[in-house]
Structure formats: C-alpha cells, structure tokens
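Single-letter residue listing:
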Amino acid sequence: MRAVFLKSSRTLELRNIPEPNVPDDGIVIEVKACGICGSDLRRWTEGPPPGSKEVIPGHEAAGIVIETGPSCSDFKIGDLVAIAPDIHCGDCYYCRKELYNLCDNLQFLGVTPGFPGGFTERMALTGEILTNGIVNKMPDGLSFEHAAVSELCNSVLATHEKAGTSENDTVVVIGAGPAGCLHVSVARQQGARVCVLEISRTRRRMVEKFNPDLVLDSSSGDILGRIKEFTGGIGADIVICANPVAQTQRLGVEMVRKGGKVVLFGGLPKANPMITLDSNLIHYGEIQVIGAFSYHPRFHKMALSLLAGGKLPVESLITHTFELEKINEAYDMAASGEALKVIIKIGRQ
Ligand SMILES: [Zn+2]
Ligand SMILES: [Zn+2]
C-alpha cells in the first residue's frame, strides 16, 4: 500500500510499504479522507519530530473499518469512523481529573513515534488508540471529507464553550485561516456580533462567506479605533487570537473590554514564544487571558453530529481536495494562504 512520509523540512515522499497487521485488540481502517491541519504545516516546515527519522503525517482522518482484531468488540467491519490525533495516558494527574487534553503524556497520531498518521491507504488503530484516543463512528449521511473536518471543529467548539460566547457578546477574531473562519461562523451561530481582522486580501474575501458583521484589514491604520467604534466605545467582550503571531496577542489585550476575555487559540512558534504586553491592562481591567489547546474528547462526537446535521459551514471551509499522489501540491496549496481547508482523498470514495 502507499503512504506519505515526512523525511525532512518540506520533503514528503510517497512510497509503497507493507500492509499493517491488525492489532489483537484493534482495527485496520481504509483511509478515505484526511485533512491538512495547521499543525501539519508547522511540522512540515520543521521536519520530523525529535526522535524519529521520518513520520507518516496527518491526523484529521476518516475511513472504513476493514479488519477487526479477535479481542476488539466495539467496532465491526464496515463501520465508518472519524479520527482525531490525541491519545491520553489515562492515569496522570490530569487524566484522573478527566482533563484529557492536558494529559502529561499526550501522544499524537501522525507525530509521536510509533503512531503513524492518516496520509496512507490503510491505518492500524491499536486498542490503546481506541480506548484513550479519539475514534468515533460517523453519523449517517456524513461524507468522509466532511468527517475529516470534525477535528478542526472540535477545538473551535471547545473554545466557544470555554469563552461562554453568547448572543450579547461582541467577538473579535484575529486571523481568517480555516480556524478563524470557523470561529466567525460558530460565534455568529451563538448570536454574537463578530468582527474579523485579517491581513491577507484573499482571506478577507474568503471569510465573507462565514457571515461576519465586519471584516477589517489588520494592517490598516487605527485598528483599535475601529474596534472601539464597532463596540460602542467599550471594547470587545471576547477576542480570539487565531493565528501564530505574537503581535496579535498584544493587540487582543488592547482591544478587549474591562472584564473581557482574550483567548490564545493559535500557538506561537516554539523557537520564539515570548511576547510583551501591557500587564496593567490585564490587572486594572480584570481581563482574563485564556489558553485554548486541543479539546476534551466529547467535542468530537458533538462536531460529528453538528456536521451531519449541516450545522457547520463545511462546504465553504473545504476549498481544495487532492489525491494522495498530489500530496506535495496539496501542502503547497495549504501553505499558500490561498486555501482554507485542504483535504486529501484516498482510494475509491
Ligand atoms: Zn488538526
Ligand atoms: Zn494522562
């Protein structure tokens, strides 16, 4: 079967490898669709993770069960499943508190050595992955492509639950990549007024489909003044920093109202995570600066059922699909800023 390997920075290789054996307590799936995530792009730029020579990337996968191990009873051949990357350990301090995304020993499909990802024709999922990872049956009527987008939806839904986004809120989303666009849409669905800031003209055009109340060029002058105007002079109730840019987080603290929330949704580059911000704004304004990383596994089921019910704007989100042999073109497109979600379709659909 064919699988994609990340060999070094920006070098992907498609090659033939032996079929995976079905684990005694696990399953083998035929992968049908797998999305390219922002974290895949980061990994692609940096090269394989420390400790491995090469890795099969991809973690936003959906497919069909084609084999089950003798001691696996939760899945049967023919089940359609969607997969997200996190595998928690089940017994650290955080797992015992059911804060699984904060697990001290988190492993990730497509990243951690020994856990190959989804850019392949077939994938073995061990009992550990089925129990402590995130693998759910797809609801009826959901396509593989749409199921693959569930992973992105999970983190966005979890963020809005945490921020408590509601109809009385004014929300500013900074960054209109795939996650930013989805934040706009989910916040609008909660009834909030939403302004989105984005530097790229292409993305400002693309985000319009997600129904924001206002789109601003973040490089234009007096952004803080424009946000004041949009919020009746008060500042935003919630600011979501949905890009990997330090400046954004500083801006977030400056444009949120007193008592408001700034959500750090996008991680900063690992080599340069330090920022300077006006901590007196946080102190005197009682601003809450909130981290948002990954999600509790329950959000995956929630996202799948919202997607199946047509409640998330997935048609506008998926701008490009490619076959597995075009993996390099697909990554180039995903990194170009001209695309939102790029999905790799694998095998017969
Ligand atoms: Zn992802
Ligand atoms: Zn744990």
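All values derive from a computational prediction rather than experimental measurement. (Residues numbered from 1 in each chain as written. Chains lettered and ligands numbered in written order. Predicted model: local features only at pLDDT ≥ 70, side-chain atom pairs only at ≥ 80, totals over all residues.)

Some words on the overall build of the chain
Here is step 1: A count of helices and strands for the chain gives 13 helices and 17 strands.
Here is step 2: For 349 residues, the compact-globule estimate of 2.2 N^0.38 gives 20 Å, and the C-alpha radius of gyration of the chain, at 20 Å, lies within 12% of that figure.
Here is step 3: The principal-axis extent of the C-alpha atoms belonging to the chain is close to 65 × 45 × 40 Å.
Here is step 4: Looking at the 349 residues of the chain, the share that counts as buried comes to 47%.
Here is step 5: Taking contacts inside the chain between residues at least 6 apart in sequence as the whole, the part at least 24 apart equals 69%. (Helix = DSSP H or I, 4+ residues; strand = E, 2+ residues; numbered from the N terminus. Rg over C-alpha atoms; globule rule 2.2 N^0.38 Å. Buried ≥ 20, exposed ≤ 12 C-beta atoms within 10 Å, placed from the backbone. Contact = placed C-beta atoms within 7 Å.)

Quick look at the sheet that holds strand β11 (residues 193-198)
Two strands in a sheet stick together by hydrogen bonds in their backbones, pointing the same way (parallel) or opposite ways (antiparallel).
Here is step 1: Read from one edge to the other, the open sheet built from six strands follows the order β12-β11-β10-β13-β14-β15, with strand pairing classed as parallel. Edge strands, defined here as strands with exactly one partner in the open sheet, are β12 (214-217) and β15 (288-291). Averaged over all pairs of adjacent strands, the angle between their axes in this sheet comes to 20°, without regard to strand direction.
Here is step 2: Relative to β12, β11 is paired through four bridges, and the arrangement is parallel. Considered in β12, the bridge of L197 is made with L216.
Here is step 3: Helix-sheet contacts for helix α5 (residues 150-163) involve β13 (236-241), β14 (256-264) and β15, and the interaxial angle to β14 is about 155°.
Here is step 4: Lying on the sheet, helix α6 (residues 178-189) is in contact with β10 (170-174), β11 and β13; it crosses β11 at an angle near 170°. (Pairing = 2+ DSSP bridges. Axes fitted to C-alpha atoms, helices over the stretch in contact; angles between N-to-C directions.)

Quick notes on unusual backbone geometry
Here is step 1: One non-glycine residue, N211, lies in the positive phi region at around 70°.
Here is step 2: Tracing the backbone through its elements, the reader meets N211 in the loop between α7 (201-207) and β12.

Section: the domain arrangement of the chain
Here is step 1: For the chain, the assigned domains read domain 1 (2-149 + 312-345) and domain 2 (156-291).
Here is step 2: A C-alpha centroid distance of 29 Å is found between domain 1 and domain 2.
Here is step 3: The residue inventory of the side of domain 1 that touches domain 2, partitioned by class, reads four nonpolar, three polar and two charged. (Domains from an automatic or database assignment. Nonpolar A, V, L, I, M, F, W, Y, C, P; charged D, E, K, R; others polar.)

Notes on the packing of α5 against α6
Here is step 1: The interhelical angle for the contact between α5 and α6, taken along N-to-C directions, is 50°, at an axis separation of 10 Å. Relative to α6, α5 is oriented oblique. In the packing of α5 onto α6, the handedness of the crossing is right-handed. Contacts between α5 and α6 involve L152, C153, V156, L157 and H160 from the former and P178, A179, L182, H183, V186 and A187 from the latter. (Parallel < 35°, antiparallel > 145°, perpendicular 65-115°, else oblique. Left-handed = near helix turned anticlockwise from the far one by under 90°.)

A closer look at the pairing of β14
Here is step 1: Burial within β14 is extensive, with seven of its nine residues counted as buried.
Here is step 2: Bridge analysis of β13 against β14 gives five bridges, and the strand direction is parallel. Looking at β14, one finds that C241 is bridged to L264.
Here is step 3: For the crossover that starts at β13, traverses helix α9 (residues 246-255) and ends in the parallel β14, the hand is right-handed.
Here is step 4: One ladder, built from four bridges, connects β14 with β15; its direction is parallel. If you follow K261 over to β15, its bridge partner there is Q288. (Right-handed = clockwise from strand over helix to strand, strands pointing away.)

Section: the packing of α5 against helix α11 (residues 298-308)
Here is step 1: Contact pair α5 / α11: the axes reach a minimum separation of 8 Å and the direction vectors enclose 110°. When the axis of α5 is compared with that of α11, the two are roughly perpendicular. When the axes of α5 and α11 are compared, the crossing they make is right-handed. From α5, S150, C153, N154, L157 and A158 reach across to α11, where they touch F299, H300, M302, A303, L304, L306 and L307.

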